[in-house]
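# Observations on the model geometry
Below, each chain spelled out in residue letters.
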Amino acid sequence: MMKAKSIVKGLAFVLFLYVTYAVVTAVALFYLPIEKMDEASRSTAQVWKDQHSKDDRVLLLEDGYNSGIARIKMIQEARNSIDIAYYSIGKGESTDFVLGALFQAADRGVRVRVLLDGICHNLRGKRSDVRYALASHPNIQLKYYEPFTLLKPWTWNNRLHDKIMMADEDLAIIGGRNIGDKYLAKTPSDDFVYDRDTIVFNETQRKDSVIIPMKNYMNELWKHPYTKTIFQNLSKSEQEKGERVRDRLKDKYQKAKEIQNEFVSPLFQWKTSTVPAHKVAFIHNPIERFHKTPVVWESLISLGKQAHTSMVIQSPYIVPTKNMEKYLPRKRNEKLETTVLTNSLISTPNALAFAGYMASRDHIVQTGSTLYEYGGPHSIHGKSIVYDQSLSVVGSFNIDSRSVFLNTESVLIIDSESFASELTKAIDDKVEHSALIAKDQQYVRKPYEEKQKAPFLKSTFLRILSKMTVLWKELI
C-alpha cells in the first residue's frame, strides 16, 4: 500500500514538473518583451523593387463555392506540379471532390506536394485514412509543418497559417480559405464563414511573375527542418485503408463529372475572368520559432504610412497588443479616413479572440477609425486591406499578435484600381449587414446597445472573458 502511494506521489510530482515546464516554455516565454527593430525586415519599397510581375492577372474570389470550383479547375488543368500549403483540410463534399481531383491528377503523372499544419490539420480519427490515401500514392508527398512534440512545448505556438495552392508556374490561389464545406459549400452550414481568396494567373509563365517567389516560399517551407515527413513506411493495413479511400473519392469525383456536376465542371476561362495588375508582390513571415520578425505587419504599416486618403481594413479578429503597437507611427495622419470591419458578438465563432477584441475596443475607437461589427448571417473570415482605392492586400493575415509574431503568414499586395474597386465593394456588401459602432473617436452606438440577438449566456461569458484577456492576449 505504501509503495503504491509512493508511486502515485512520484507520478504526481513528475506531472507537476512537466506542467510547470510546459507553462514556462509554451506560455511565459512568449510574454517576454519584444525589442522594436526599425530595420527588422526588408522594406516594402525593397520588395516592390525586387518583384516585377508586370504580366500577372488577378481575380477576386469572394464567393466560397466559386472559390472551390477554381481550385478544381486548377487541379484539372495542372500539367506537371501541384503545391498545396494549408492550415487544415476540413470535411464535406467539396473536400471529397478536391481530393478526388487531386488523386486523378496524380494518376496522370502530376507531382503533388501537400503541406499541412502539424497540429491543426484536421485529419484525425475517422479521417486519418485520408492521410494514408495521400501518403501511399507514388506521385503525392505529404508533410506536416511543426508536428506536435510533447517535449518541445515552445513549438506548439509555431503554426502554419498559410492557405496557398499552386499549379505549375502559371496559377496560384492565396487567401483565408481552408479546404472544406465550411468555406466552399454552395448551401452554407451553421458554421459557414464568408472568406476571401485571390487567383494569380500568368499565361506566359514569365520568370518575373509573383508566382515564382510564392513557389520559392513553398520550397523553403517544404525543405525546412521544422517540416517532417509523417509516414516513412506505411504498414500493409494502412496502405490498404489508403487505397480504399482513394478509390472511393476518385469514384465519387468521376461520377460527379459524368453527370456534369457544376462544382467539378468549370466553364470559365482564366484570361477572361481575371483583370490585369500594374504589379503584384508576395510578402510572408519568416520561418522562425518564438517571436518571428514581423515582416508582414511591418509591410502593412509601411503601406499605411504612404496612404494619403483612405484605408479600409477587414479582419475577423482584431486584438492589438503593446508589442504590435511599437511598430505603429507615433503621429496619426488626420487626413487618412480609416474604416475597420470585424465580427460582432453575434457573429464571432472565436470566443477567445473576440474577448481580446472587446477588451481593446475602446483603444480602437480612440484611433479615430470608423468601426463596424458584422451582424450575420454566419461570420466573416476574410483578411484584406485597401489603400487609397488602388492598392490591395489579400491573404491569411489577421490583425492579432498570433499573425504578427507567431504564425507563418502570407499575403499578396496588388496594384490594380479595378481589383481595389471590386474588393472595396465586397467589403461594403458586408458593411451593409453590420452595425456602425464608432467614428471620429466617438461611439455612435455602444456595442451593448445591440438588438438582443446574442444569446444571453454567450454575451455574459464573453464579457467576463474579456476581463481576463491579459492572460492570453499575446497568444490569440
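Structure report, in brief. Please read these numbers as outputs of a predicted model, since none were measured by experiment.

### Considerations on the overall build of the chain
- The secondary structure content of the chain amounts to 15 helices and 22 strands.
- Overall, the chain is about 80 × 65 × 50 Å in size when its C-alpha atoms are taken along their principal axes.
- Counting only contacts in the chain whose residues sit at least 6 apart along the sequence, the fraction spanning at least 24 positions is 84%.
- Of the roughly 21,900 Å² of accessible surface on the chain, a fraction of 55% belongs to carbon and sulfur atoms.
- Charged side chains in the chain number 66 positive and 55 negative. The centres of these two groups are separated by 6 Å.

### Notes on the sheet that holds strand S2 (residues 81-86)
- Read across the open sheet, the nine strands follow the order S9-S4-S3-S2-S5-S6-S8-S1-S10; overall the sheet is mixed. The two strands at the open ends of the sheet, each matched to only one other strand, are strand S9 (227-229) and strand S10 (275-276).
- Bridging between S2 and strand S5 (residues 163-167) involves five bridges; their strand directions are antiparallel. What sits directly across from Ile84, in S5, is Met165.
- Running over the sheet, helix H7 (residues 211-223) touches S2, strand S3 (111-117), strand S4 (140-145), S5, strand S6 (171-175), strand S8 (197-201) and S9 and is turned about 65° from S3.

### Remarks on the side chain of Thr338
- Structurally, Thr338 is set in strand S14 (residues 337-343).
- A relative accessible area of 15% means that Thr338 is categorised as buried.
- With residues up to four places along the chain from it excluded, the contact list for Thr338 reads Met311, Ile313, Ser369 and Thr370.

### Concerning the sheet that holds strand S15 (residues 370-374)
- Taken together, nine strands build an open sheet; the order of strands is S11-S20-S18-S17-S12-S14-S15-S21-S22 and the sheet is mixed. Bordering the open sheet on either side are strand S11 (279-284) and strand S22 (442-443), each of which pairs with just one other strand.
- Where strand S21 (residues 434-439) and S22 come together, two bridges link them in antiparallel fashion. Residue pairing for S22: Ala438 is matched across the bridge by Tyr443.
- Its contacts with the sheet place helix H10 (residues 295-306) against S11, strand S12 (310-314), strand S17 (384-387), strand S18 (391-395) and strand S20 (410-415), and it is angled at close to 140° to S11.
- Across the sheet, helix H14 (residues 417-431) touches S12, S14, S15, S17, S18, S20 and S21, and the angle it forms with S18 is around 60°.

### Observations regarding the packing of aromatic side chains
- Applying the stated rule across the entire model yields 13 aromatic pairs.
- Ring plane angle 55° and centroid distance 5.6 Å describe the contact between Tyr217 and Phe282, whose orientation is recorded as tilted. With a gap of 65 residues between them, Tyr217 in helix H7 and Phe282 in strand S11 connect regions that are remote in the sequence. Assigned by exposure class, Tyr217 and Phe282 land together as buried.
- Seen from their ring centres, Phe268 and Trp270 are 5.1 Å apart, and the 85° between their planes marks the pair as edge-to-face.

### Some points on the pairing of S5
- Most of S5 sits inside the fold, with five of its five residues counted as buried.
- Side chains Lys163, Met165 and Ala167 project from S5 onto one buried face, and the interleaved Ile164 and Met166 project onto a second face that is buried too.
- Pairing geometry for S5 and S6, over four bridges, is antiparallel. Of the residues in S6, the one forming a bridge with Met166 is Ala172.

### Describing the packing of helix H12 (residues 351-366) against helix H15 (residues 456-466)
- Between H12 and H15, the least distance of the axes is 8 Å, while the angle of their chain directions is 65°. At the point where H12 passes H15, the crossing takes the right-handed sense. Mapping the contact onto sequence places Ala351, Leu352, Phe354, Ala355, Met358 and Ala359 in H12 and Phe461, Leu462, Arg463, Leu465 and Ser466 in H15.
- Here the residues of the contact of H12 with H15 sort into nine nonpolar, one polar and one charged.

### Notes on the side chain of Glu373
- Mapped onto the elements, Glu373 comes out in strand S15.
- For Glu373, a relative accessible area of 2% gives the class buried.
- For Glu373, the side chain forms a polar contact with the side chain of Arg361, separated by 2.6 Å.

### Regarding H7
- For H7, built from 13 residues, the straight-helix expectation of 18 Å at 1.5 Å per residue is met to within 8% by its first-to-last C-alpha distance of 18 Å.
- Of the positions making up H7, those classed as buried are Ile211, Ile212, Met214, Lys215, Tyr217, Met218, Leu221 and Trp222.

### A look at the pairing of strand S1 (residues 57-61)
- Among the five residues of S1, four are classified as buried, and the element is accordingly described as predominantly covered.
- Relative to S10, S1 is paired through two bridges, and the arrangement is antiparallel. Within S10, the residue paired with Val58 across the bridge is Val275.
- The pairing of S1 with S8 spans five bridges and is classified as antiparallel. What sits directly across from Val58, in S8, is Val200.

### Section: the environment of Ser53
- For Ser53, the position within the fold is in the loop between helix H2 (44-50) and S1.
- Excluding residues that lie within four positions of it along the chain, Ser53 makes contacts with Asp208, Ser209, Val210, His278, Lys279 and Val280.

### Some remarks on the pattern of salt bridges
- All chains considered together, the criterion is met by 18 salt bridges.
- One salt bridge connects Arg196 with Glu62, and the closest N-O pair in it is separated by 2.7 Å. Remark: Glu62 occurs in the loop between S1 and helix H3 (64-77) and Arg196 occurs in the loop between strand S7 (193-194) and S8; sequence separation between them is 134 residues.
- The class for Arg196 is buried, based on a relative accessible area of 1%.
- Looking at Glu62, the relative accessible area reads 24%, which means it is partly exposed.
- One salt bridge connects Asp96 with Lys252, and the closest N-O pair in it is separated by 2.8 Å. Pair noted here: Asp96 is in helix H4 (residues 93-107) and Lys252 is in helix H8 (residues 236-258), with a separation of 156 residues, a long-range link.

What counts as what
- Residues numbered from 1 in each chain as written.
- Predicted model: local features only at pLDDT ≥ 70, side-chain atom pairs only at ≥ 80, totals over all residues.
- Heavy atoms only, no water.
- Helix = DSSP H or I, 4+ residues; strand = E, 2+ residues; numbered from the N terminus.
- Contact = heavy atoms within 4.5 Å.
- Areas by Shrake-Rupley, 256 points an atom, 1.4 Å probe, with all protein chains shown as cover.
- Lys, Arg positive; Asp, Glu negative; His and termini not counted.
- Charge placed at Lys NZ, Arg CZ, Asp CG, Glu CD.
- Pairing = 2+ DSSP bridges.
- Axes fitted to C-alpha atoms, helices over the stretch in contact; angles between N-to-C directions.
- Buried < 20%, exposed > 50% of the residue type's maximum accessible area, 1.4 Å probe, protein only.
- Phe/Tyr/Trp six-rings, centres within 6.5 Å; stacked < 30°, edge-to-face > 60°.
- Left-handed = near helix turned anticlockwise from the far one by under 90°.
- Nonpolar A, V, L, I, M, F, W, Y, C, P; charged D, E, K, R; others polar.
- Polar contact = N/O pair within 3.5 Å; in protein donor to acceptor, adjacent residues only side chain to side chain.
- Expected span 1.5 Å × (residues − 1).
- Salt bridge = Lys/Arg side-chain N within 4 Å of Asp/Glu carboxyl O.

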